[in-house]
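The residues making up each chain are set out below.
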Amino acid sequence: MPKHKETIAILLEFAEDQTQWLLQTAASYRVLKALFPCLESFASQHISSAELTTSPSKNQEEIAGSSQKDPTKNHRDEDGAAFPSRSARENTSLPSQSIYTLFDKDGRLDVFRMRKLVYERGTHPSERKITWKFLFGVYPEKSTTEERKELDQQMSSQYRWMKRSWKQRFPWAAVMRVHSDLELSLAIQRHDEQWREAETASPPTDIFDEHSLPFSHINEQQFQKALQDIDADVPQTDRHRTFFQREGLVNLLYLREILVTYVAFHQDIGYCQGMNDFASRFLETLENETEAFWCFVGYMRRSAWSFTTMGVRRKTQICEELLKHVDPELYDHIESVSSDKLLFCLRWLLLLFQKDLDHSDAVRVLEISALESERMNFGAWIWLTRREGEEPLPGPFTSVDREEITFEVLLCIAVLIKNRRKLLQYQDVSDFYLFAQRLQGRLQLNTLHGEERR
């Protein structure tokens, strides 16, 4: 048997006893099927297609939630700013199996079937506005339509208050300053005018108190440093996407306000490069600044540990231990060439391949990540129970816990094995980093035909 087939056999042996668990958590069926076609028949015994009704009626959409607007019209955020419609670039017709059919007469969602449907086929663009708020923990699972309407109003008011608070406390931070970017400078001017007009039309009814929590404990120096990093990253975020071009440039300012508001009220986490990519994904998908903020908060509540030093170290360690088990030859070669080992995979793991897949596949991975993160993973538990910077605990922390083998970890291993022939030829550490860089935007989720194109 060729060495490559032996490697796959080892990986199959390692994964087979975990397959049912992975399928039940709706995390990794596609990548497992791509790696081991022989598991497809096994998987089909544990996952059957949901028998759902066809296209939803208008009444079903109203039951799902009041925030579901006509996808063919422009949407506006709470400050009156219009977000461009995506109808010109995406098909808005619903699939025959629609998530809208999973709500009862009171608007309660069948969450199990929703998760199953999201896992099996992903979400249609016209379904994401409601589905993502459940996936990322904004809406309670058993909430009714009326309860969600009330929650939407509360979240809108709270977000407006949070933005006003840091802008009044730090007026010098309210406007982003850029150099040598005329288009963005004009967008900043328009955004500032919109904000002032909105404040004039709807003045705040609550009184800002800088001695109230959390501002009584805010570290201004830390806030200023985070603001500098945000202002460096935001102008470079997804500028190739239509959503952030021309009239859409103002959306970069909404993105900035999401990030700055988050940092101001989550100083224990702060800002790390990469957070802008996730916030951008929420803003473009939901086309609403407030909803994007709260989905981003929900995502960070589950994933913040990944942006810590301990989280980064742990993720790469998991991949190293797994690769050592499934392909010792490839692992030994990488280790012999580079003391960094799999550090060149860091962008894949930290950003969930968001920069390496096309938009639809990147959205798919983010949804799968949301399905996985319903449970608290081992790394998050370590982060919550120990202070940052301390040495890791002996014992279980030095081995791989089954719940740590997440979708992006499996996808990382699959990409490495798919390209093992190239990797085994590299003799310099820079070759590995160049390899990862050249894969950017060229990976395909379902087929794993992600090798470099010459």
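Bear in mind that the values here come from a model prediction, so they are computed numbers and not experimental data.

Rules behind the numbers
Numbers given for residues are sequential positions, taken from 1 along each chain in its written order. Side-chain atom pairs in this predicted model are given and counted only at pLDDT of 80 or more, local residue features only at pLDDT of at least 70, and totals for whole chains, interfaces and linings cover all residues. Side-chain measures were taken over the full set of non-hydrogen atoms in the model, leaving aside hydrogen atoms and water. Secondary structure is summarised from DSSP: a helix means a run of H or I of at least four residues, a strand means a run of E of at least two, and numbering begins at the N terminus for each. Any residue under 20% of the maximum accessible area for its type is buried, any over 50% is exposed, and the rest in between are partly exposed; the area is computed with a 1.4 Å probe on protein chains only. Residue contacts are counted whenever heavy atoms from the two residues lie within 4.5 Å of one another. What sets the accessible areas is the Shrake-Rupley method with a 1.4 Å probe; for residues, cover comes only from the shown protein chains. Axis definition: a line fitted to C-alpha atoms, limited for helices to the stretch in contact. Angles are taken between N-to-C directions and run from 0 to 180 degrees. In this scheme, roughly parallel covers angles under 35 degrees and roughly antiparallel covers those over 145, while 65 to 115 is roughly perpendicular and the rest are oblique. The hand of a helix crossing depends on one turn: near helix anticlockwise from the far one by less than a right angle means left-handed, and clockwise means right-handed. The working definition used for a salt bridge is a side-chain nitrogen of Lys or Arg within 4 Å of a carboxyl oxygen of Asp or Glu. The nonpolar core is taken to be a set of buried Ala, Val, Leu, Ile, Met, Phe, Trp, Tyr and Cys residues, with the residues joined through side-chain atoms within 4.5 Å. One less than the number of residues in a helix, times 1.5 Å, gives the span that helix is expected to have. A pair of aromatic rings is counted whenever rings of Phe, Tyr or Trp (Trp by its six-membered ring) have centres within 6.5 Å, and the orientation is called stacked for planes under 30 degrees apart, edge-to-face for over 60 and tilted otherwise. Each ring is checked for a lysine NZ or an arginine CZ that lies within 6 Å of its centre and within 35 degrees of its normal; such an atom marks a charge sitting over the ring. In predicted models, pLDDT denotes the confidence assigned by the predictor to each residue on a 0 to 100 scale.

Comments concerning the overall build of the protein chain
Along the backbone of the protein chain there are 21 helices and 2 strands. Counting every position in the protein chain, which comprises 454 residues, the buried fraction comes to 54%. The contacts in the protein chain between residues at least 6 apart in sequence include a share of 76% that link residues at least 24 apart. With the model as given, the accessible surface of the protein chain reaches about 21,100 Å², and the carbon-plus-sulfur share is 49%.

Notes on the packing of helix α14 (residues 309-326) against helix α19 (residues 407-418)
It is at 10 Å that the axes of α14 and α19 come closest, and there the two elements cross at 50°. Classified by the angle between their axes, α14 and α19 sit oblique to one another. Between α14 and α19 the crossing geometry is right-handed. Counted together, K315, I318, C319, L322, L323 and V326 of α14 and E408, V409, L410, C412, I413, L416 and I417 of α19 form the full contact between these two elements.

So, the pattern of salt bridges
If you walk through the whole model with that rule in mind, you get 22 salt bridges. Salt-bridge contacts for K116 lead to E120; the nearest nitrogen and oxygen are separated by 3.0 Å. Separated by 4 residues within a single helix, K116 and E120 lie in helix α6 (residues 111-121), roughly one turn from each other. The partly exposed category is assigned to E120, whose relative accessible area is 22%. Between E367 and R364 there is a salt bridge, with its nearest N and O atoms 4.0 Å apart. You can see E367 and its partner R364 sitting in helix α17 (residues 359-372), 3 residues apart, about one turn around the helix. Judged on exposure class, the residue E367 and its partner R364 are both buried. Three or more residues are tied together by salt bridges with common partners; here these are K163, K167, E257 and E289.

Structural notes on the nonpolar core
By size, the foremost hydrophobic cluster in this structure holds 111 residues, and its most contacted members are F282, F296, W348 and L416. Not counting residues up to four positions away in its chain, the partners in contact with L416 are L323, L330, L342, F344, C345, W348 and L423.

Observations concerning unusual backbone geometry
Phi at D238 is positive, roughly 50°, even though this residue is not glycine. Along the chain, D238 falls in the loop between α10 (220-233) and α11 (250-265). Judged by relative accessible area, D238 falls into the buried class, the value being 9%. Of note in the backbone geometry, L352 takes a positive phi value of approximately 55° without being a glycine. Within the fold, L352 resides in the loop between α16 (346-350) and α17.

Notes on α14
The end-to-end C-alpha distance of α14 is 26 Å, a good match for the 26 Å that 18 residues give at a rise of 1.5 Å each. Looking only at α14, the buried set comprises M310, G311, R314, K315, T316, I318, C319, E320, L322, L323 and V326.

Observations regarding the environment of H191
Relative to the helices and strands, H191 is located in helix α9 (residues 182-201). Owing to a relative accessible area of 9%, H191 belongs among the buried residues under this scheme. Residues H191 and N251, spaced 60 residues apart in sequence, show a C-alpha to C-alpha distance of 9.1 Å. Among residues more than four places away in sequence, those in contact with H191 are V250, L253, Y254 and E257.

What about the packing of aromatic side chains?
In this structure the tally under the stated criterion is 25 aromatic pairs. On the basis of an interplanar angle of 85° and a centroid distance of 4.8 Å, the ring pair of F136 and F282 is categorised as edge-to-face. On the criterion of sequence distance, the pair formed by F136 in the loop between α7 (128-135) and α8 (145-169) and F282 in helix α12 (residues 275-286) is long-range, its members being 146 residues apart. Taking the relative accessible area as the measure of exposure, F136 reaches 1% and is therefore buried. The aromatic ring of Y139 is capped on one face by R148, whose charged end is 5.7 Å from the ring centroid.

Thoughts on the confidence of the model for the protein chain
Of the residues in the protein chain, 67% reach a pLDDT of 70 or more, and the chain-wide mean stands at 76. Below pLDDT 50 for its whole length, residues 376-398 participates in 38 contacts with residues either more than four positions away or in separate chains.

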